[in-house]
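# Examination of the molecular architecture
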Amino acid sequence: MSKELTLTVISPDKILYQGKAESVILPGSVGYFGILPGHATLVSQLDFGLIKLHSAGKEFRIAIDGGFCEVRNDQIRVLTEGGDSEDDLSHDHAIELLQEAEALPVSKEKENLLKKAKVRILLHER
């Protein structure tokens, strides 16, 4: 049995992450769940949230805007509508996104933009 996972996170714009991980935590539609090497085959819907991966003793985080994941043979593939890594977006810019979303009239779009902004803010909090 392998001691590592291979994680690939893809949005329509770019590959957000591609590499090895010792463990991965994903934002499922009903809550966060973890994946370790040897995990059973799985397909799951994902919600707005943070992917947390541990590799070489460090934690890396990626904000995603929902999507789906497939786990099979120690490979995790995540397809998401959008996302950012900690290096892609500053905390200040995330605050600006939140303020812009709060100024919009009530709608489903506003709700999604608020979720997106809040996840981007969490990306920078430790």
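Residues numbered from 1 in each chain as written. Predicted model: local features only at pLDDT ≥ 70, side-chain atom pairs only at ≥ 80, totals over all residues. Heavy atoms only, no water.

In the nomenclature of an unreviewed UniProt entry, the protein chain is known as ATP synthase epsilon chain of Leptospira bandrabouensis. Under Subunit (unreviewed entry), UniProt gives the following word-for-word description of the protein chain: "F-type ATPases have 2 components, CF(1) - the catalytic core - and CF(0) - the membrane proton channel. CF(1) has five subunits: alpha(3), beta(3), gamma(1), delta(1), epsilon(1). CF(0) has three main subunits: a, b and c." According to the UniProt record, the Function (unreviewed entry) comment for the protein chain is "Produces ATP from ADP in the presence of a proton gradient across the membrane." (UniProt positions renumbered as here; feature names shortened; annotations may be inferred.)

On to the overall build of the protein chain. For the protein chain, the count of helices and strands is 2 helices and 8 strands. Mapped from its N terminus to its C terminus, the protein chain presents α and β elements in the order β-β-β-β-β-β-β-β-α-α. Each principal axis of the C-alpha distribution contributes one length, and for the protein chain these read about 50 × 25 × 25 Å. Across the protein chain, contacts joining residues at least 24 apart in sequence account for 52% of those joining residues at least 6 apart. If you sum the accessible surface of the protein chain, you get close to 7300 Å²; carbon and sulfur atoms cover 53% of it. The positive charge centre, built from 15 side chains, and the negative charge centre, built from 20, are 5 Å apart in the protein chain. (Helix = DSSP H or I, 4+ residues; strand = E, 2+ residues; numbered from the N terminus. Contact = heavy atoms within 4.5 Å. Areas by Shrake-Rupley, 256 points an atom, 1.4 Å probe, with all protein chains shown as cover. Lys, Arg positive; Asp, Glu negative; His and termini not counted. Charge placed at Lys NZ, Arg CZ, Asp CG, Glu CD.)

A rise of 1.5 Å per residue sets the reference length of helix α1 (residues 91–102), with its 12 residues, at 16 Å; its end C-alpha atoms lie 17 Å apart and thus fit the reference within 8%. If you check which residues of α1 are buried, you get A94, L98 and A101. Projected onto a plane normal to the axis of α1, the buried residues spread over an arc of 65° and lie on a single side. Where α1 is buried, its residues touch α2 (108–123). (Expected span 1.5 Å × (residues − 1). Buried < 20%, exposed > 50% of the residue type's maximum accessible area, 1.4 Å probe, protein only. Arc of directions from axis to C-beta.)

Once that is clear, we can look at the packing of α1 against α2. Helix-helix packing is characterised by the crossing angle of the two axes and by the distance between the axes. One can describe the packing of α1 onto α2 by two numbers: an axis separation of 8 Å at closest approach and a directional angle of 160°. On the basis of their axis angle, the class for α1 and α2 is roughly antiparallel. The handedness of the crossing between α1 and α2 comes out as left-handed. Every residue of α2 that contacts α1 at H91, A94, I95, L97, L98, A101 and E102 is listed here: K110, L113, L114, A117, K118, R120 and I121. Along the lines of polarity and charge, the residues of the contact of α1 with α2 split into 9 nonpolar, 1 polar and 4 charged. (Axes fitted to C-alpha atoms, helices over the stretch in contact; angles between N-to-C directions. Parallel < 35°, antiparallel > 145°, perpendicular 65-115°, else oblique. Left-handed = near helix turned anticlockwise from the far one by under 90°. Nonpolar A, V, L, I, M, F, W, Y, C, P; charged D, E, K, R; others polar.)

With that out of the way, let us pick up the nonpolar core. L7, V9, V24, L26, I51, I76 and V78 are the most contacted members of the largest nonpolar core, which totals 18 residues. The set of elements that each furnish at least two residues to this core consists of β1 (5–10), β2 (15–21), β3 (23–28), β5 (42–55), β6 (58–72) and β7 (75–80). In terms of residue count, β6 provides more of this core than any other element does, 4 residues in total. Ignoring sequence-local partners within four residues, the contact set of I51 consists of L7, V9, V24, I25, L26, P27, F60, R61, I62, I64 and V78. (Core = buried A, V, L, I, M, F, W, Y, C linked by side-chain atoms within 4.5 Å.)

A few words now on the environment of L26. Mapped onto the fold, L26 is located in strand β3. Residues L26 and I51 lie 25 residues apart in sequence; the distance between their C-alpha atoms is 4.9 Å. Residues in contact with L26, not counting those within four places in the same chain, are G31, Y32, F33, I35, L46, I51, C69, I76 and V78.

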